[in-house]
Amino acid sequence: MARLRVALSRDSSSVDHRNRWILRAIGAGARRVVTVIGLLLLIPAGWELIKFATGASNTTMPHVSDIVAHLRTTTSHGNTFAGFLFENAYVTFKASAVGLAIGAVTGLTTGVLIVRSRLVGKGLLPLVVASQTVPIVAIAPALVLWLGTSWTTKVVIAGYLTYFPLTIATARGIQAVSNDSLALMRTYSATRREVLLKIQLPAAMPMIFVGLETAAAFSVIGTIVGEMPVGSPKGLGLVILTTWQYYNFQPEALYGAALAACALGGLMVGFVRVLGRVTLKDRRMGAVL
Amino acid sequence: MPLGETDESLGLAARSVAKRFYSKGGDVLALENVMLSARKGNFVSLIGPTGCGKSTMLRIFADLIPPTSGEVRINGKEVGLARKDRDFSVVFQSPNLLPWRNVLKNVCLPLEVMGEGRKERKARAKRILEVVGLSSFERHQPWQLSGGMQQKVALARALVMNPSVLLMDEPFGALDEITRDRMNLELMSIWQKFETTVLFITHSIPEAVFLSSHVVVMSARPGRTVAALSIDLPYPRTQETRSDPRFFEFVNTLRKHLAVASQQEGS
């Protein structure tokens, strides 16, 4: 009888424990959402405060309510301004996603090459660094001249900005592998390819995802910059350029477009971060390696 | 240490091995005239003061560093060939487990490189984890295990290839004394099941006496083999062995040898 009681009490306490854990997890998630929303609300609050303090006109700094209201107005195309922004954001998104992918693959390859051969590394690294010191706003018009205002140009510019963080991230991540691990692979008579695929690249993954987050933000910037110079048929860069020209009539439109660009950048980075968390879920890097 | 025997009966053999490291800051003579041999199936410990080159000698055996001069053989073969034939395995002081793989997959790693099929790999890995007593931890991640258990996984990984020679570089050096004593007992019971020749590097004289059939003493840099002692305590070694009066005699003898060896400064 006593044994039964002990068994029951142990059972109920473990259920209790699990329920408490679930509540705690929900609580933590809810708290996070509330915090983020709270911080986001600070921005329009801060905006209105600055507007009030500096006495800026409605052209320089439209009210937040006006910006939001403008999103609901109908455009000449028949949809709302918000819908119009969404369409163009989607075009920009596609181009920057492809640019990010190309930059990532190129960056990863370059990073691996730099680490593999010291000779190649010494030759490539200064070139890679130099390529990044030229400001993108100077290169973009040149690229448009060479490649035209096609979709390719945008993607190339996005890729150009993303491959550097990934090259460095990959190279650093691979260099962090301990010598003993490499020694062990040698005692198994592993080929260089096996060492790369089984040890070096998996070890570099956390660093690579860090580089990928930065690169995601840059790819959106690159694409928008690529859409601006002469104006591509669609995309946020074009919208920003156009609303900028009509700034004095409708400042709310420009700010609306800027908001859309921020949202797109945030979404790209957020997506990469979630991807990273899912891929690296079982790890805890540290002294084990 | 009988050096006149034919190479094939010796699991490990080093004759007149010297190692010089060249660098911009000046050359370092790490090893000089090292003579070391172990018959197949023997457990040989290598002790010596810090910096005497014990690890260097192990790495020469493991074909990780080439000797400057002298002969090094494993199972009578040149070490490069022994490595390709997978005659030996190494266990280092830190476990070096891959954090993105669980225990089972970590143990599978050498088998993957060897080209074993997936089913066969898993079966062999499971069997070896049973031998070392970690079956219930197959799916655990390395960071979930204690230091001693991680080293057991590293040992399992080394043994899964079925090597005839095991090279161990202070494998329990990072563990506390209680865990170390327990690991010594476990190592003995695991070792009895295989017939591996072992080269074991350690700083601890009692550990060397407890585990080995022979202990070799090295001098301070440049490392030279200055003494070899045969430990004829009976196997299997148990807790009782540690209280055997002859155990203390061996420890004391080695302590004296080591004291002399630490004072010998090289050329």
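The residue numbering used here restarts from 1 in each chain and proceeds along that chain's sequence as written. Whichever chain is written first is A, and whichever ligand is written first is 1; the rest continue in order. Local features in this predicted model are restricted to residues whose pLDDT is 70 or higher, and side-chain atom pairs enter the listing and the counts only when it is 80 or higher, whereas totals over whole chains, interfaces and linings include all residues.

Student: What exactly am I supposed to notice about the overall build of chain B here?
Tutor: Segments assigned H or I by DSSP are reported as helices when at least four residues long, segments assigned E as strands when at least two residues long, and all are numbered from the N terminus. Across its full length, chain B carries 8 helices and 10 strands. A compact globule built from 267 residues would reach a C-alpha radius of gyration of about 18 Å, and chain B, at 18 Å, matches this within 12%. Across its three principal directions, the C-alpha atoms of chain B cover 55 × 45 × 40 Å. Using C-beta atoms placed from the backbone, we call a residue buried if 20 or more other C-beta atoms fall within 10 Å of its own, exposed if 12 or fewer do, and partly exposed for counts in between. Sorting the 267 residues of chain B into buried and exposed places 46% on the buried side. Of the contacts made within chain B by residues no fewer than 6 positions apart, 72% connect residues no fewer than 24 positions apart. Radius of gyration: C-alpha atoms only; globule rule: 2.2 Å multiplied by the number of residues to the exponent 0.38. With C-beta atoms placed from the backbone, a contact is any residue pair whose C-beta atoms sit within 7 Å.

Student: Sorry, what's going on with the overall build of chain A here?
Tutor: Within chain A one finds 10 helices and 0 strands. Each helix (α) and strand (β) of chain A, taken in turn from the N terminus, gives the series α-α-α-α-α-α-α-α-α-α. A compact globule built from 289 residues should have a C-alpha radius of gyration of about 19 Å, whereas chain A, at 26 Å, is more than 25% larger. Put simply, chain A has 289 residues, and 31% of those count as buried. In chain A, once contacts between residues fewer than 6 apart in sequence are set aside, the share between residues at least 24 apart is 74%.

Student: What am I meant to see in helix α6 (residues 177-193) of chain B here?
Tutor: The periodicity of an α-helix, 3.6 residues per turn, causes residues three or four positions apart to be oriented the same way. Residues and elements named next belong to chain B. Each helix should span, by expectation, one fewer than its residue count multiplied by 1.5 Å. Its 17 residues give α6 an end-to-end C-alpha distance of 25 Å, which sits within 8% of 24 Å, the value for a rise of 1.5 Å per residue. Those residues of α6 lying buried are M183, L187 and W191. All buried residues of α6 fall inside an arc of 70 degrees around its axis, so they share one side. Among the exposed residues of α6, those pointing more than 90 degrees away from its buried face are I178, Q192 and K193. Summarising the contacts, the buried residues of α6 are in contact with β3 (43-47), α5 (147-159), β8 (197-201) and α7 (205-211). Taking the helix axis as origin, the arc is that swept by the directions to the C-beta atoms.

Student: Explain the nonpolar core to me, please; I cannot follow it from the model alone.
Tutor: Across soluble globular proteins, nonpolar side chains have a tendency to be buried as a group. As used here, a nonpolar core is made of buried Ala, Val, Leu, Ile, Met, Phe, Trp, Tyr and Cys residues. They are joined through C-beta atoms within 7 Å. Ranked by internal contacts, the top residues of the largest apolar core, which has 133 residues, are F61(B), V107(B), A156(B), L167(B) and L199(B). Ignoring anything within four residues of it in the chain, the contact list for L167(B) reads L58(B), F61(B), A62(B), F88(B), V90(B) and L199(B).

Student: It is not clear to me how the sheet that holds strand β1 (residues 10-21) of chain B should be interpreted in this structure. Could you clarify?
Tutor: Strand pairing in a sheet is mediated by backbone hydrogen bonds. Such pairs are either parallel or antiparallel. Residue and element names in this part refer to chain B. A pair of strands is considered paired only if DSSP assigns at least 2 bridges between the two. Reading across the sheet, the 4 strands line up as β2-β1-β4-β5 and stay open at both edges, with antiparallel pairing between neighbours. At either end of the open sheet lies a strand with only one pairing partner, and these are β2 (28-39) and β5 (77-78). Sheet topology places β1 next to β2; 8 bridges connect them, and they run antiparallel. Along β2, the bridge assignment pairs K19 with L31. Along the sheet, helix α1 (residues 54-61) contacts β1, β2 and β4 (69-74); its crossing angle with β1, the most-contacted strand, is approximately 120 degrees. Throughout, an axis means a line fitted to C-alpha atoms (over the contacting stretch in the case of helices), and angles, computed between N-to-C directions, take values from 0 to 180 degrees.

Student: Teacher, can you tell me more about the pairing of β1(B) here?
Tutor: Looking along a regular strand, one sees side chains alternate from face to face of the sheet. Residue and element names in this part refer to chain B. From the end of β1 to the start of β2, which pair antiparallel, there are 6 residues, and G26 there has a positive phi angle of about 130 degrees. Of the strand pairs in this sheet, β1 and β4 are connected by 5 bridges, and their pairing is antiparallel. From the neighbouring strand, A18 faces β4, where its bridge partner is S69.

Student: I'm lost on the interface of chain B and chain A in this one. Help?
Tutor: How big an interface is tends to be reported as the loss of accessible area on association of its parts. Residue-level contacts link 21 residues of chain B with 19 residues of chain A. Contributing elements (two or more residues each) for the side of chain B that touches chain A: α2 (79-84), β6 (88-91) and α3 (103-114) of chain B. Amino acids are sorted into nonpolar (Ala, Val, Leu, Ile, Met, Phe, Trp, Tyr, Cys and Pro), charged (Asp, Glu, Lys and Arg) and polar (every other residue, Gly among them). For the side of chain B that touches chain A, a count of residues per class yields 13 nonpolar, 5 polar and 3 charged.

Student: Help me understand the confidence of the model for chain B in this model?
Tutor: The predicted coordinates of low-pLDDT regions are not to be read in fine detail. Confidence scores here are pLDDT values: one per residue, from the predictor, ranging 0 to 100. Taken over all residues, the pLDDT of chain B has a mean of 91, while the share at 70 or more is 96%. For this predicted complex, the interface confidence reaches an ipTM of 0.88, while the overall pTM sits at 0.81.

Student: It is not clear to me how the domain arrangement of chain B should be interpreted in this structure. Could you clarify?
Tutor: All names here are of chain B. These domain limits were set by an automatic method or by a database of domain assignments. Along its sequence, chain B is carved into domain 1 (1-87 + 164-267) and domain 2 (93-162). Placing the centre of domain 1 and that of domain 2 at their C-alpha centroids yields a distance of 25 Å. Of the residues lining the interface, 14 residues belong to domain 1; the matching set on domain 2 comes to 11 residues. Of all the secondary-structure elements, those providing two or more residues to the side of domain 1 that touches domain 2 are β7 (165-169) and α6. Among the elements that make up the side of domain 1 that touches domain 2, the one with the highest residue count is α6 (4 residues). Residue composition of the side of domain 1 that touches domain 2, by class: 8 nonpolar, 2 polar and 4 charged.

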